[in-house]
Amino acid sequence: MLMSLCRRLPGLLILLSVVLVQPLAAQPAGIALVGGSLIDGTGAPAVHNSIILISKGRIDSIGTMGRLPIPESYQLISTEGMTVLPGLWDLHVHLLYNGHPDFEHWFSAYADQFASVTIPASAHQFLLAGVTSVRDLAAPTADIIAVRTRIRQGEIPGPSIYTSGAALVPAAGPTRPHLLAVEGARDAAEKTRGLIDAGVDIIKILGANADSLDEMQAIVSTAHAAGLRVSAHGRSDAEIRLGLAAGVDEFQHIGTGSAQYPQDILDTIRERIRTGNPLYWSPTIGLDLNANNLAADHEFLDDPRNFVGLGPELELDVRQAIASAQFRTRTPEVLATVKHKLQQLNELGVIMVSGSDMGTFGHPASEATWRELEAWVFELGMDPLTAIRWATSDAADYMGAGVQVGTISPGKIADVIAVRGSPLRHFSVLRNPVIVIKNGLRVK
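Residues numbered from 1 in each chain as written. Predicted model: local features only at pLDDT ≥ 70, side-chain atom pairs only at ≥ 80, totals over all residues. Heavy atoms only, no water.

S.K.: Which parts of the structure should I look at to understand the overall build of the chain?
M.R.: Each helix and strand counted, the chain has 15 helices and 19 strands in total. Its C-alpha atoms give the chain a radius of gyration of 23 Å, within 12% of the compact-globule value 22 Å for 444 residues. Dimensions of the chain, computed from the C-alpha atoms along their principal axes, are close to 75 × 50 × 45 Å. Expressed as a percentage of the 444 residues in the chain, the buried residues total 56%. Within the chain, residue pairs in contact and separated by at least 24 positions form 72% of the contacts whose partners lie at least 6 positions apart. Carbon and sulfur atoms make up 54% of the accessible area of the chain, which totals about 18,200 Å². Averaging the locations of the 35 positively and 45 negatively charged side chains of the chain gives two centres separated by 7 Å. (Helix = DSSP H or I, 4+ residues; strand = E, 2+ residues; numbered from the N terminus. Rg over C-alpha atoms; globule rule 2.2 N^0.38 Å. Buried < 20%, exposed > 50% of the residue type's maximum accessible area, 1.4 Å probe, protein only. Contact = heavy atoms within 4.5 Å. Areas by Shrake-Rupley, 256 points an atom, 1.4 Å probe, with all protein chains shown as cover. Lys, Arg positive; Asp, Glu negative; His and termini not counted. Charge placed at Lys NZ, Arg CZ, Asp CG, Glu CD.)

Encoded structure:
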C-alpha cells in the first residue's frame, strides 16, 4: 500500500526517505491524513483522495492527493480505504453510570468512586468509540467538573465535556448524589446560581410536578439571565405543559404514556415557534427502537470495550448484574407511538438534538451514540449524511462551539475520526473507528 501511495503522490517516496532517516527523538511538526474520503460535517458531498494537515491541535489545510503539498516535517498517516469525518457528539449522556442495571446499588457502592473511576472510565470509552464531545445531564457537580478539568489539562483521556452538573428536582424530590432538591422559588434560584458559579454549561430540571411551576420559572429566569439554556424531562404530558409554561428551552425523551401529544400542547408549541422562540428536543429514542433486537441478542453487553477503565472489581460487579438483568421489550404499539410523536414534533418545527441517554442499561458508552444514530437512519429513514451532520456540526453549533469545532475545516480544533469503508453506504461502519484524533493528538 505504501508503494501505491507513493505512485499516486509524485515525490512522496523522496519525502518518506527524508522522514525515515530523521533521528528517533525528532518530533513531527504535524500529521497528515492521506488518501481517505472526507466527510467534513457540513453536509457537503464526500471528497475522495483527501489530505488533511493538522498541527498545534488544529486543522491547517485540506486538499487532495497530488494537489496539496505535505510538509516534510509532518507524520504521514494513511487513511486509504477509510472515511474521515469529525469526531461525533452525544448531547445526552450520564458518565457516572457504566451500564449497571441497579441504580440504587450503584449509588450506594460506588458514589465515592464517581470522580476517580466511573466517570473517567465512561469518558475514555466514549473517546475510543470516536465520540469527542459529550453533554452530561446529571452528575455530582464537583465530580463532573473535576473530570472535565482533568481532561482539558490532558491528565486523562476523554471527550470534551459539557455538563449540567447536578439536576435540579423541584418540590423536594428524591435525594441522590447527582440531584439537587429545591424547595420554593428562592431556593431554586439560589441553587441555580450555585450551579452557574460552579461552571456548568446548561441547567437541567428533573421530576417536575404540579406544585413546581414557581420553582421552574425561578430556575429558568436565573439561568437565562446568565445566558444558559434550561433542559427538562418531557416523558409525560404534565411535564411538557409545566416546562412550556416555565419557558424551558429543551425537552428530553419521548414519553409513551399517551399515543400522541394532545392538542393543547401542540397549539402551545406552534404558537411559541411562530413568535420566534425555538424549541429543542432530545428524543433519545435509540434504546426504545432497538429494545427488542437487544433483548433477543445481548451478546454486545460482554464486549470488552464496555469495561475499559473500570478495574476488576467494578467490571465483575457490572458483568454479574447484567448477566441476570432482563431487557424491557417494546410492543408494536409503543414503537408506533414513538414514531408518531416524533412526526408531530417535526411537523411543528421543533429542532431535534442528538443524544443517546448513555449510561442506562443497554447503552454503554462504547456503543450508545452509534446505536442511537443507527435507529434514526435504519428505523426513521434519516439520510446518513444528514445524521453525520446532526451528530457533528449541528451539535457543536447548538452548544455554541461551532466556530471552534464540529467540522473538518481550516483553523478548527482537530477532533477527527476515520472509519473503514463508507458510512454513506454502510452506516454501521461508525461502530468501530480505526483512528481517533482529539485536539490534534492521535488517541487511537
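S.K.: Just checking my understanding: could you explain the sheet that holds strand S17 (residues 416-420) for this structure?
M.R.: Pairing between the strands of a sheet is mediated by backbone hydrogen bonds and can be parallel or antiparallel. Pairing is mixed across the open sheet formed by five strands, whose spatial order is S2-S6-S17-S18-S19. The sheet is open, and its two edges are formed by strand S2 (37-38) and strand S19 (441-442), each paired on a single side. Across five bridges, strand S6 (residues 82-86) lies against S17 in antiparallel orientation. Pairing of Val84 across the sheet is with Ala418, part of S17. (Pairing = 2+ DSSP bridges.)

S.K.: Would you mind going over the packing of aromatic side chains with me for this structure?
M.R.: In this description, an aromatic ring pair is defined by two values, namely the gap between the centres and the angle between the planes. Here the structure, examined in full by the defined rule, presents 12 aromatic pairs. Each ring, one from Phe251 and one from Trp281, has its centre 4.8 Å from the other, and the planes form 40°; the classification is tilted. In this pair, Phe251 is assigned in strand S14 (residues 250-252) and Trp281 in strand S15 (residues 280-282), connecting sequence segments 30 residues apart. We classify Phe251 as buried; its relative accessible area is 0%. Residue Trp281 is classed as buried on the basis of its relative accessible area, which comes to 0%. The interplanar angle of 45° and the centroid separation of 6.3 Å between the aromatic rings of Phe300 and Phe327 together place this pair among those described as tilted. (Phe/Tyr/Trp six-rings, centres within 6.5 Å; stacked < 30°, edge-to-face > 60°.)

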